[in-house]
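Take a look at the letters that make up each chain.
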Amino acid sequence: MLNRLAVMIDPTTLDDHAFAVWAAERAGTVLLDVRAGAEADGLEGKALKDAGDAAAQAELDRVLTAHRPGDSVLSEEAADDKSRLTAKRVWIIDPLDGTREFSEPPRDDWAVHVALWEDGELVAGAVAQPALGETFSTGRPLVVPPRTSDRPRIAVSRSRPPAFVEALAAELGAELVPMGSAGVKVMSVVRDVADAYVHAGGQYQWDNAAPVAVARAAGLHCSRVDGSPIVYNEDDTSLPDLIVCRPELAEQIIEFVRQHGTD
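The present account deals with the structure reproduced in this document. Just so it is clear, the model here is predicted, and its values are computed rather than measured.

The next subject is the overall build of the protein. In terms of helices and strands, the protein carries 8 helices and 10 strands. Whereas a compact globule of 263 residues would reach a radius of gyration of roughly 18 Å, the protein reaches 18 Å, a difference of no more than 12%. Overall, the C-alpha framework of the protein stretches about 50 × 45 × 30 Å when taken along its three principal axes. Within the protein, contacts between residues at least 6 apart in sequence are counted, and of these 64% link residues at least 24 apart. Per element, the accessible surface of the protein, about 11,500 Å² overall, is 50% carbon and sulfur. Between the mean site of the 25 positive side-chain charges and the mean site of the 43 negative ones, the protein shows a separation of 2 Å.

What follows concerns the packing of aromatic side chains. Working definition: an aromatic ring pair is given by the centre-to-centre distance plus the angle between the planes. As enumerated under the stated definition, the model contains 4 aromatic pairs in all. Both rings, one in Phe19 and one in Trp22, keep their centres 5.6 Å apart while their planes meet at 40°; by these two values the pair is tilted. With a gap of 3 residues between them, Phe19 and Trp22 both fall in helix α1 (residues 16-36), about one helical turn apart. Judged on exposure class, the residue Phe19 and its partner Trp22 are both buried. Ring geometry for Tyr204 versus Trp206: centroids 5.2 Å apart, planes at 10°, classification stacked. Members of the aromatic cluster, each reached through a chain of ring pairs, are Phe19, Trp22 and Trp91.

A word on the sheet that holds strand β8 (residues 196-199). The strand order β7-β6-β8-β10-β9 describes an open sheet built from 5 strands, whose pairing is mixed. Each edge of the open sheet carries a strand with a single partner, namely β7 (175-179) and β9 (221-223). For this sheet the average axis-to-axis angle between neighbouring strands, irrespective of direction, equals 20°. Two elements, strand β6 (residues 153-157) and β8, share 2 bridges in a ladder whose sense is parallel. Within β8, the position partnered with Ile154 by the bridge is Ala196. Packed onto the sheet, helix α5 (residues 163-172) meets β6, β7 and β8 and runs at close to 170° relative to β6. In the packing of helix α8 (residues 247-260) onto the sheet, the strands contacted are β8, β9 and β10 (242-245), and the crossing angle to β10 comes to about 145°.

The end-to-end C-alpha distance of helix α3 (residues 45-67) is 33 Å, a good match for the 33 Å that 23 residues give at a rise of 1.5 Å each. Residues of α3 that are buried include every one of Leu48, Gly52, Asp53, Ala56, Gln57, Glu59, Leu60, Val63 and Leu64, and no others. Those residues of α3 that are buried lie in contact with α1, α2 (38-41), β1 (72-75), β2 (89-97), α4 (99-102) and β3 (111-118).

Our focus in this paragraph is the environment of His113. Its location among the elements puts His113 in strand β3. Residue classification places His113 among the buried positions, given a relative accessible area of 0%. As a C-alpha pair, His113 and Asp236 span 123 residues in sequence and 19 Å in three-dimensional space. Residues in contact with His113, not counting those within four places in the same chain, are Ile92, Ile93, Asp94, Asp97, Ala126, Val127, Gly183, Trp206, Asp207, Ala210 and Pro211. In this structure the side chain of His113 is engaged in a polar contact, spanning 3.2 Å, whose partner is the backbone oxygen of Trp206. A polar contact of 3.4 Å, which involves the side chain of His113, links it to the backbone oxygen of Asp207.

Across a sheet, strands are paired by hydrogen bonds formed along the backbone, either parallel or antiparallel in direction. Pairing within the open sheet is mixed, and its 5 strands lie in the order β1-β2-β3-β4-β5. The sheet is open, and its two borders are formed by β1 and β5 (134-137), each paired with just one other strand. The mean inter-strand angle of the sheet, taken between neighbouring strand axes irrespective of direction, is 15°. Taken together, the 4 bridges between strand β4 (residues 121-129) and β5 define a ladder with antiparallel strand orientation. Residue pairing across strands places Gln129 opposite Glu134, the latter belonging to β5. Along the sheet, helix α7 (residues 205-217) contacts β1, β2, β3, β4 and β5; its crossing angle with β4, the most-contacted strand, is approximately 100°.

If you trace the backbone, Arg151 turns up in the loop between β5 and β6. Between the alpha carbons of Arg151 and Leu172 there is a distance of 8.4 Å; along the sequence they are 21 residues apart. In contact with Arg151, not counting residues within four places along its chain, are Gly173, Ala174, Glu175 and Asp195. A polar contact of 3.0 Å, which involves the side chain of Arg151, links it to the backbone oxygen of Ala174.

What counts as what
Residues numbered from 1 in each chain as written. Predicted model: local features only at pLDDT ≥ 70, side-chain atom pairs only at ≥ 80, totals over all residues. Heavy atoms only, no water. Helix = DSSP H or I, 4+ residues; strand = E, 2+ residues; numbered from the N terminus. Rg over C-alpha atoms; globule rule 2.2 N^0.38 Å. Contact = heavy atoms within 4.5 Å. Areas by Shrake-Rupley, 256 points an atom, 1.4 Å probe, with all protein chains shown as cover. Lys, Arg positive; Asp, Glu negative; His and termini not counted. Charge placed at Lys NZ, Arg CZ, Asp CG, Glu CD. Phe/Tyr/Trp six-rings, centres within 6.5 Å; stacked < 30°, edge-to-face > 60°. Buried < 20%, exposed > 50% of the residue type's maximum accessible area, 1.4 Å probe, protein only. Pairing = 2+ DSSP bridges. Axes fitted to C-alpha atoms, helices over the stretch in contact; angles between N-to-C directions. Expected span 1.5 Å × (residues − 1). Polar contact = N/O pair within 3.5 Å; in protein donor to acceptor, adjacent residues only side chain to side chain.

Written out as structure tokens, the structure is:
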């Protein structure tokens, strides 16, 4: 549950899993405050998106600088400091994933991503959905229950579902479940709202690092669409495709992509 009393926690006592939650919830609280004051401040549309991005970035930058000063950071909203490529620990963050949804109150399908990469692997992560009042993390991973739907459910963009995913759904006899941000789509699989998220339309490392960390901790399959591992803290921040799904669906999805591609 999103902790509105997160400001009272002493972050020096937190391990990396709990710190990721604390940091994501701090940014989430800031974002809720920006949204709550949007009408009075005359913010809507792009102005509200930009205000949310800036405020959440400032809060995450502040807490990481204060409490993890020896670590590097890769963020969507900051210049890429290439010293991260030789760093032992790198926080990969997206201060506001789903700016469009954030700018459309009362939508709740937007998120804050905070992940820690260490020595070649994602080792901790948290995805806060502030408007939903939930935070999902590697510290207290959910155990995904047996599937509750008769047909597989595939999370897709509410505005631009890719044609190959529509073809995949037809192949699997699946239904498409439209929703907002990338993190929300991955969390929908963790939450048993969907059974798979398959994307090949272009993303960056910050779009899915924290969601993938949480999904892996929950026992879900996570890979590139060709089945290869997802690698983080690469020089090229582009990470254009991924699959997050229940393990029993992985082979079918990868084989479909192998045969039909994503064009």
